[in-house]
Amino acid sequence: MVALTDRQRLTLETVALAQADGVSESDTTIIRCLDWDRERFDIEFALNNGTTYNSFLIRGEKVALVDTSHEKFRQLYLDTLKGLIDPAAIDYLVISHTEPDHSGLVADILKLAPHVTVVGAKVAIQFLEDLVHQPFERKLVKNGDRLDLGNGHLLEFVSAPNLHWPDTIFTYDHKTQVLYTCDAFGMHYCDDSTFDEDLELIESDYRYYYDCLMGPNARSVLSALKRMGDLPGVATIATGHGPLLQYNLEELVGRYRTWSQEQAKAVTTVALFYVSDYGAAERLAHSIVQGVMKTGVAVEQMDLRTAEPHEIRELVSLASGIVIAMPPQSGDFASVAKTALGTILAATHAKQSFGLFESGGGDDDSVHLLRNKLQDVGLSEAFPPILVKEAPTEATYQLCDEAGTDLGQWLTRDRTIKQMKSLDGDLDKALGRLSGGLYIITAQKGKASSAMLASWVAQASIEPLGVTIAVAKDRAIESFMHVGDRFVLNILEEGSYQPLMRHFLKRFAPGADRFAGVKTYPATNGAPILSEALAYLECEVMSRMECSDHWIVYSTINAGRLAKQDALTAVHHRKVGNHY
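Predicted, not measured: the structure shown is a model, and the values here were computed from it. (Residues numbered from 1 in each chain as written. Predicted model: local features only at pLDDT ≥ 70, side-chain atom pairs only at ≥ 80, totals over all residues. Heavy atoms only, no water.)

Let's hear about the pairing of strand β16 (residues 269-274): which residues, and what values?
In summary, the side chains of a regular strand alternate between the two faces of the sheet. Along β16, six of the six residues are buried, which leaves the element largely enclosed by surrounding structure. Residues T269, A271 and F273 of β16 are buried on one face, and the alternating residues V270, L272 and Y274, pointing to the opposite face, are buried as well. In the sheet, β16 pairs with strand β17 (residues 298-303) via six bridges, with the strands oriented parallel. Bridge pairing in β17 links V270 to V299. A crossover connection joins β16 to the parallel β17 through helix α8 (residues 281-293); in handedness this β-α-β unit is right-handed. By the bridge criterion, four bridges tie β16 to strand β18 (residues 321-325) in an arrangement that is parallel. Considered in β18, the bridge of V270 is made with G321. (Buried < 20%, exposed > 50% of the residue type's maximum accessible area, 1.4 Å probe, protein only. Helix = DSSP H or I, 4+ residues; strand = E, 2+ residues; numbered from the N terminus. Pairing = 2+ DSSP bridges. Right-handed = clockwise from strand over helix to strand, strands pointing away.)

What follows is the structure in structure tokens.
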């Protein structure tokens with residue numbers, strides 16, 4: 001089935017899921033909602049290949065539906081479900097977690113199947129009550145609980161909180177050896193393949209998804225992997241987004257383990273506390289997390305709605321930095337959040353750094369009062385409080401990203417200096433004799449913009465015309481240089497580059513306008529062109545290669561112009577190779 005909605009192509013397919021032996025006829029159906037043209041998942045999460053929303057129908061003597069779909073698929077999904085089964089015959093609706101892209105049609109299912117029993121973690125059921133505003137039958141489950149559907153379909157539940165919502169559970173079907181994991185092990189990738197046949201095609205999206213959503217909860221990932229190890233065996237991982245894992249399951253699960261172990265071993269950790277489903281707290285927190293993680297610092301997030309006092313104390317004791325999204329000062333969770341803030345304050349110490357941001361919920365507790373209390377304890381402020389008085393924009397999320405990077409850089413300043421001194425003297429000086437030109441990279445996305453002085457630039461191809469640029473992972477502009485992004489490479493002129501170089505070498509505060517006082521005009525791709533540049537090239541990012549502390553960004557050139565025929569490019573000569 002196909003529909004065009006708001007210029008987006010939405011399709012839906014159903015696929016029979018083979019039994020664990022790969023031969024037997026299946027009584028499990030995959031319902032894949034394909035969102036081919038979605039370019040962003042929330043405002044801060046860029047998508048290159050669309051996404052899917054996966055739901056599953058398991059028929060035993062009893063019938064279970066695992067998750068629903070995004071509300072944009074309402075008619076397509078419900079029509080398809082009715083074609084597969086009378087919804088009134090569904091006995092159980094399993095809620096992996098209550099994020100709207102998976103539970104957006106729960107209220108519709110409850111209307112069609114008023115006697116269905118909703119199965120979920122205690123927190124999920126609490127969240128769902130606030131979402132559907134109607135009574136429903138429920139079954140609360142915890143780790144190790146089982147539900148027998150008959151005909152061999154014995155469902156076992158695995159607790160997986162914070163992946164990436166606090167109410168997440170996995171569901172394991174002992175008959176088919178399918179593990180339903182919702183967001184975990186997923187990716188935002190949409191194509192005709194139901195499974196992960198082509199590893200090379202999907203691995204970059206798989207890693208990006210992990211970095212954005214799972215990396216900030218690495219310890220929770222490791223806990224979930226440990227619980228998965230108690231299961232008899234997993235033949236298929238049925239994810240909530242993207243292809244199901246079957247062909248490369250062991251490899252991809254192994255990568256989660258490796259990445260999470262690396263995160264968990266990080267010497268420096270930031271603890272970020274927020275209240276889920278309040279204002280824009282989660283999306284703002286996500287941007288701060290991305291900024292922090294660019295610097296190699298680990299982040300652990302904790303939802304104050306569900307966190308236990310001992311969990312808060314333990315996390316604060318591990319953290320070098322504390323970031324808090326302001327909770328609501330009234331309502332159902334205000335007293336819980338206030339108690340949690342008191343627990344955080346009691347566990348902090350003067351060697352830690354902190355940052356605060358408003359959640360934008362319209363009823364935020366006072367950021368200034370909490371700031372004063374943390375400073376009284378002796379904590380140092382890593383970035384000024386981020387105030388959110390209206391709906392966040394691209395610029396707001398970029399401000400949060402840059403604030404997170406500032407925090408990470410502050411926490412790792414000693415490590416950075418140590419690394420700079422680690423090179424052998426002769427090697428350092430020899431490497432420093434590699435020279436390059438001087439360039440300014442400029443980029444813009446909506447109201448957010450950024451710029452960076454660069455010298456590690458080289459032509460990389462002739463057909464098509466392309467360049468490579470080495471971008472340090474902790475640079476603010478890194479967020480503007482993912483696959484599909486467009487930017488301008490401004491080439492500086494020998495003899496007149498100093499004013500521009502001095503300007504863009506300044507350390508800018510989070511969210512500061514990097515182009516204040518600089519003459520620019522827009523390129524066709526929307527990025528600023530520096531009026532005083534010798535030449536410029538309009539570029540589009542095609543691929544990225546990860547190095548230890550830099551990304552090598554390969555981009556094709558779509559347009560360009562030279563201002564002075566006889567002028568030369570500015571050259572950057574270094575004396576040492578351990579810094580720019």
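Please set out the packing of helix α5 (residues 199-214) against helix α7 (residues 249-264) residue by residue, giving values where relevant.
Look at α5 against α7: their axes get within 11 Å of each other, and the N-to-C directions meet at 35°. Considering how the two elements wind past one another, α5 and α7 form a crossing that is right-handed. Residues L199, I202, E203, Y206, R207, Y209, Y210 and M214 of α5 lie in contact with α7, whose contacting residues are E251, L252, V253, R255, Y256, W259, S260 and Q263. Among the residues making up the contact of α5 with α7, the classes are represented as ten nonpolar, two polar and four charged. (Axes fitted to C-alpha atoms, helices over the stretch in contact; angles between N-to-C directions. Left-handed = near helix turned anticlockwise from the far one by under 90°. Contact = heavy atoms within 4.5 Å. Nonpolar A, V, L, I, M, F, W, Y, C, P; charged D, E, K, R; others polar.)

Just give me the short version of helix α15 (residues 498-505), but keep the residues and values in it.
Every buried residue belonging to α15 is among L500, M501, H503 and F504, and all of these are buried. The buried residues of α15 occupy an angular sector of 165° when the element is viewed end-on, so they sit on one face. Exposed and oriented more than 90 degrees from the buried face of α15 are R502 and L505. Turning to α15, the residues buried within the fold contact β22 (439-445), β23 (448-454) and β28 (528-530). (Arc of directions from axis to C-beta.)

Describe in detail the pairing of strand β9 (residues 117-120), supporting the description with residues and values.
The alternating pattern of β9 places T117 and V119 on one face and V118 and G120 on the opposite face, and all of these are buried. Two strands pair when backbone bridges link them, and strand β8 (residues 92-94) and β9 are joined in this way by three bridges, in the parallel orientation. By the bridge assignment for β9, Y92 is matched with T117. Sheet topology places β9 next to strand β10 (residues 137-140); four bridges connect them, and they run parallel. Following the sheet pairing, V119 is matched in β10 by K139. The handedness of the β9 to β10 crossover, carried by helix α4 (residues 122-132), is right-handed.

Run through a nonpolar patch on the surface, naming residues and quoting values.
Taken together, the side chains of L427, L431 and L434 make up a nonpolar region of the molecular surface, amounting to roughly 280 Å² of accessible area. Within the secondary structure, L427 is located in helix α14 (residues 425-431). A residue is classified by how much of its surface remains accessible, and L427, at 47% relative accessible area, is partly exposed. (Patch = residues over 30% accessible without salt bridge, like charges linked within 9 Å, V, L, I, M, F, W, Y side chains within 5 Å. Areas by Shrake-Rupley, 256 points an atom, 1.4 Å probe, with all protein chains shown as cover. Salt bridge = Lys/Arg side-chain N within 4 Å of Asp/Glu carboxyl O.)

Let's hear about the nonpolar core: which residues, and what values?
Core analysis: the biggest nonpolar cluster contains 32 residues, and F170, F185, Y206, M214, L245 and Y256 have the highest contact counts within it. Taken together, the elements giving at least two residues each to this core come down to β13 (169-173), α5, α6 (218-228) and α7. Ranked by the residues each element gives to this core, the list is headed by α5, at nine residues. Apart from the residues lying within four places of it in its own chain, the contact partners of M214 are L163, H164, D183, A184, Y209, V221 and Y256. (Core = buried A, V, L, I, M, F, W, Y, C linked by side-chain atoms within 4.5 Å.)

Provide a residue-level description of the packing of α8 against helix α12 (residues 394-411), including the pertinent values.
The interhelical angle for the contact between α8 and α12, taken along N-to-C directions, is 40°, at an axis separation of 6 Å. By the angle between their axes, α8 is oblique relative to α12. In this structure, α8 crosses over α12, and the sense of that crossing is right-handed. Residue-level contacts link R283, L284, S287, I288, Q290, G291 and V292 of α8 to T396, Y397, C400, D401, G404, T405 and L407 of α12. Classifying every residue of the contact of α8 with α12 by side-chain character gives six nonpolar, six polar and two charged. (Parallel < 35°, antiparallel > 145°, perpendicular 65-115°, else oblique.)

So what about the environment of T68? Which residues, and what values?
Position of T68 among the secondary structure elements: in the loop between β7 (63-66) and α1 (74-84). Take T68: its relative accessible area is 1%, and that puts it in the buried class. For the pair T68 and S159, spaced 91 residues apart in the sequence, the C-alpha separation amounts to 20 Å. Within the local environment of T68, its side chain forms a polar contact with the backbone nitrogen of L105, the two atoms lying 3.4 Å apart. (Polar contact = N/O pair within 3.5 Å; in protein donor to acceptor, adjacent residues only side chain to side chain.)

Describe in detail the packing of aromatic side chains, supporting the description with residues and values.
Aromatic ring pairs are reported here in terms of the distance separating the ring centres and the angle at which the planes meet. Across all of its chains, the model carries nine aromatic pairs by this definition. For the pair Y210 and W259, a centre-to-centre distance of 5.1 Å together with 50° between the ring planes defines the contact as tilted. In this pair, Y210 sits in helix α5 while W259 sits in helix α7, placing the two residues 49 residues apart along the sequence. Ring geometry for Y256 and W259: centres 6.4 Å apart, planes at 45°, overall tilted. In this pair, Y256 and W259 are both assigned in helix α7, three residues apart and thus about one turn of the helix distant. (Phe/Tyr/Trp six-rings, centres within 6.5 Å; stacked < 30°, edge-to-face > 60°.)

So what's going on with the environment of Y554? Residues and values would help.
Turning to its location among the elements, Y554 is positioned in strand β30 (residues 550-562). When the C-alpha positions of Y554 and E394 are compared, they lie 24 Å apart, and in sequence the two are 160 residues distant. Once residues lying within four places of it in the same chain are set aside, the contact partners of Y554 are A460, S461, P464, G466, V467, T468, E540, V541, M542 and S543. One polar contact links Y554 to S461, side chain to side chain, over a distance of 2.7 Å.

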